[in-house]
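A structural walkthrough
As a plain string of letters, each chain reads:
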Amino acid sequence: MATKSSHKQSVEAVPPVVFKPVFGTFYSPSILYDENSPKRIYVSETSMLWALRKHREAFVAARAIGKHAGQIVVDPDRCAVVAETVALTLAGAAA
């Protein structure tokens with residue numbers, strides 16, 4: 001008959017992911033979809049890229065996205081406002 005082990009396995013704590021701005025309030029786009037991000041508004045990179053393509057004019061007008069050294073950068077707070085506005089507009093259009 002097997003007995004249960006009384007010792008506990010040690011579990012190492014994983015350090016929290018720290019998102020640092022590229023410059024000013026602009027970050028790498030991963031801040032919008034990383035599961036450890038406090039600013040996450042998309043479930044995946046694919047959904048974020050789709051939203052940025054589909055609603056590019058709204059993101060640009062809100063100064064929510066830009067380019068730095070050839071890479072897309074995002075202001076997560078401004079992106080959240082755009083995403084909310086788009087969602088409410090689409091919900092109104094569907095009603």
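Since this is a predicted model, take the numbers as computed values, not measurements.

Observations concerning the pairing of strand S1 (residues 65-68)
Looking at chain direction, S1 and strand S2 (residues 71-74) are connected through four bridges and run antiparallel. Considered in S2, the bridge of glycine 66 is made with valine 73. Connecting the antiparallel pair S1 and S2 is a turn made up of two residues, with alanine 69 showing a positive phi of about 55°.

Details of the packing of aromatic side chains
Taken as a whole, this structure holds one aromatic pair when the rule is applied. Seen from their ring centres, phenylalanine 23 and phenylalanine 26 are 5.3 Å apart, and the 20° between their planes marks the pair as stacked. Exposure remark for phenylalanine 23: the relative accessible area of 35% places this residue in the partly exposed category. For phenylalanine 26, a relative accessible area of 14% gives the class buried.

Details of the pattern of salt bridges
Within the structure shown, the criterion is met by two salt bridges. The salt bridge partner of arginine 78 is aspartate 75, with a shortest N-O separation of 3.6 Å.

What about unusual backbone geometry?
With the exception of glycine, most residues fall at negative phi, and the peptide bonds are largely trans. At arginine 63, a residue that is not glycine, the phi angle is positive and equals roughly 55°. One can find arginine 63 in the loop between helix H2 (56-61) and S1. A positive phi angle is found at alanine 69, which is not glycine, with a value near 55°. Relative to the helices and strands, alanine 69 resides in the loop between S1 and S2.

The rules behind the values
Residue positions within a chain follow its written sequence, with the count starting from 1. Per-residue local features are limited, in this predicted model, to residues with pLDDT of at least 70; the limit for side-chain atom pairs, both in listing and counting, is 80 or more; totals at the level of whole chains, interfaces and linings are taken over all residues. The side-chain values count all of the structure's non-hydrogen atoms but skip hydrogen atoms and water molecules. Between any two strands, at least two bridges found by DSSP are needed for them to pair. Under the scheme used here, helices are H or I runs from DSSP no shorter than 4 residues and strands are E runs no shorter than 2 residues, and both carry numbers assigned from the N terminus. Here is the rule: rings of Phe, Tyr and Trp (six-membered ring for Trp) pair when centre to centre is within 6.5 Å. Planes less than 30 degrees apart are stacked, more than 60 are edge-to-face, and the remainder are tilted. Buried residues are those whose accessible area, probed at 1.4 Å on protein chains only, stays under 20% of the maximum for their type, while exposed residues exceed 50% and partly exposed ones sit between those limits. We define a salt bridge as a side-chain nitrogen of Lys or Arg found within 4 Å of a carboxyl oxygen belonging to Asp or Glu.

These figures come from the coordinates and say nothing about function on their own.
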